[in-house]
Amino acid sequence: MRELLQNACYGPGSYFQSNHMVVLVLGILLYFFMADRKAGALERRLRGVTAVLLALVLFPVSAAALMLYQTRFYVYHWVWSLVPVTLCIAWGGVELLWELTAQKRRDGRTGFRLAVGVTVLLALLLLTGNMGNVRTVTEEERIRQEETRQAAVYLEELPEMEETLLWAPRSVLEAVRRRTGEIRLLYGRNMWEPEAAAYAYDSYPMEQQRLFDWMEMLETGDVYEVPLGLRIFLEDVVAYPAENTAESNRILADAYMLQLAAEYDARVWVFPGEATERVTLACGPLYEKYGLRAQQLGEIGDYTVWCCEQDVQEQGKNYE
């Protein structure tokens, strides 16, 4: 709740910086409140509703309550969708244009005054509106997007994808889901964006969360340390012999993560190209200890695609 209150306190400042139209709403309400003119029932109702909703989204406590109601999937800016900003500006703009250009006065210059008023109003809307932010894409980002798109195309054509789940870095999963809904994923966007699961009460098992952490660790390389949750998980589930070296421990841990993905029926894997040697080393204990054979199917840009299959002999032993 404290976080919601903080967002409600600092939210209006950031919102006003990106949307100056609220100033027009406040000006329209102030003008018609101070002006001595008769208004119809619908006009009074619109002004009253707009004023009440403005007070609710600006007052921190009521704004926090509204944010709690809309769930964490949405940020503070979405609360402003309750305020009829566009409707109020449209109504107030027409009323002001009619009054200030004296359309009731018939002196032959009605059209000229109306044209000048429309020009001034459009200029005001352009000056107070948000002209949009031009987002530039770096060459490196553009190449990465193209590689993930090519990986999605390659995976879509694999016959193995019809009977298994896909385990891949987040960028590849996003590219796959943008392209097709036919490929089943080991986990979805709500794994790395908890806000996407705001209306759901189910959560992923701890093993799947650790699979995500391990894949993201491969994606980032040696830039970041191993997440604490992943490190504790591997220490608990992988029994390392005392004589093993750190390198041997890492290979055994990698093999365990690979078989864990296969256990969750994810038999097609996509890894960053930098992790090819690491995955290759883990394939040895993956077969010796778990009876799983992994082979590289192809290479797309900076990614490699792997497929894992149960060894026939080991599969027969399991049936016995």
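(A) Main features of the side chain of Glu147. Position of Glu147 among the secondary structure elements: in helix 7 (residues 139-156). The exposure class assigned to Glu147 is buried, which follows from its relative accessible area of 15%. Beyond its immediate stretch of four places on either side in the chain, Glu147 contacts Ile300, Gly301, Asp302 and Tyr303.

(B) Highlighting the confidence of the model for the protein chain. Per-residue confidence for the protein chain averages 81 on the pLDDT scale, and 84% of its residues sit at or above 70. Mean pLDDT per element in the protein chain: helix 13 (residues 312-319) is the minimum at 44, and strand 1 (residues 165-167) is the maximum at 95. Here residues 314-320 scores under 50 on pLDDT; set against residues more than four positions off or in separate chains, the count is three contacts.

(C) Focus on the layout of surface pockets. Quantified by volume, the second largest pocket comes out at close to 350 Å³. Residue lining of the second largest pocket: 17 residues in total, with Gly93, Leu96, Leu100, Leu121 and Leu124 positioned closest to the centre. For the lining of the second largest pocket, the element with the highest residue contribution is helix 6 (residues 110-128), accounting for seven residues.

(D) Summary view of the nonpolar core. Membership of the largest hydrophobic core comes to 53 residues, with the highest contact counts inside it found for Leu155, Leu166, Trp167, Trp269 and Phe271. In contact with Leu166, other than residues within four places in its own chain, are Leu155, Met161, Leu173, Val176, Ile183, Arg184, Leu185, Leu186, Val268 and Val270. By size, the runner-up hydrophobic cluster in this structure holds 25 residues, among which are Leu46, Leu54, Met67 and Trp80.

(E) Quick peek at the pattern of salt bridges. If you walk through the whole model with that rule in mind, you get nine salt bridges. Between Arg142 and Glu139 there is a salt bridge, and its shortest N-O distance comes to 2.6 Å. Of the two residues, Arg142 and Glu139 are both situated in helix 7; the distance of three residues between them amounts to about one turn of the helix. Two residues, Arg170 and Glu216, come together in a salt bridge whose shortest N-O distance is 3.4 Å. Highlighted residues: Arg170 in helix 8 (residues 170-179) and Glu216 in helix 9 (residues 206-220), separated in sequence by 46 residues. Ionic contacts of the salt-bridge type, sharing partners, join the residues Arg144, Glu147, Glu219 and Asp302 into one network.

(F) Here's a closer look at the pairing of strand 2 (residues 266-272). Counting buried positions along strand 2 gives six out of seven residues, so the element sits mostly inside the fold. As defined by bridge partners, strand 2 adjoins strand 4 (residues 303-310) across five bridges and the pair is classed as antiparallel. Of the residues in strand 4, the one forming a bridge with Phe271 is Thr304.

(G) Fine view of helix 9. The end-to-end C-alpha distance of helix 9 is 21 Å, a good match for the 21 Å that 15 residues give at a rise of 1.5 Å each. For helix 9, every residue scored as buried is listed here: Gln208, Arg210, Leu211, Phe212, Asp213, Trp214, Met215, Glu216, Met217 and Leu218. Elements in contact with the buried residues of helix 9: strand 1, helix 8, helix 10 (228-237), helix 11 (246-263), strand 2 and helix 12 (276-290).

(H) Local environment of the packing of helix 2 (residues 21-34) against helix 3 (residues 41-58). Remark: helix 2 packs on helix 3, axes separated minimally by 11 Å, with the N-to-C direction vectors making an angle of 130°. Between helix 2 and helix 3, the angle is such that the two are oblique. Remark: the crossing between helix 2 and helix 3 carries left-handed chirality. From helix 2, Val22, Val25, Leu26, Leu29 and Phe32 reach across to helix 3, where they touch Arg47, Thr50, Ala51 and Leu54. The class makeup of the residues in the contact of helix 2 with helix 3 is seven nonpolar, one polar and one charged.

Basis of the calculations
Residues numbered from 1 in each chain as written. Predicted model: local features only at pLDDT ≥ 70, side-chain atom pairs only at ≥ 80, totals over all residues. Heavy atoms only, no water. Helix = DSSP H or I, 4+ residues; strand = E, 2+ residues; numbered from the N terminus. Buried < 20%, exposed > 50% of the residue type's maximum accessible area, 1.4 Å probe, protein only. Contact = heavy atoms within 4.5 Å. pLDDT = per-residue confidence, 0-100. 1 Å grid on protein atoms, 1.4 Å probe; cavity = no way out; pocket = protein on both sides within 12 Å on 5 of 7 lines; lining within 4 Å. Points joined across faces, edges and corners; volume = space filled by probe spheres on them. Core = buried A, V, L, I, M, F, W, Y, C linked by side-chain atoms within 4.5 Å. Salt bridge = Lys/Arg side-chain N within 4 Å of Asp/Glu carboxyl O. Pairing = 2+ DSSP bridges. Expected span 1.5 Å × (residues − 1). Axes fitted to C-alpha atoms, helices over the stretch in contact; angles between N-to-C directions. Parallel < 35°, antiparallel > 145°, perpendicular 65-115°, else oblique. Left-handed = near helix turned anticlockwise from the far one by under 90°. Nonpolar A, V, L, I, M, F, W, Y, C, P; charged D, E, K, R; others polar.

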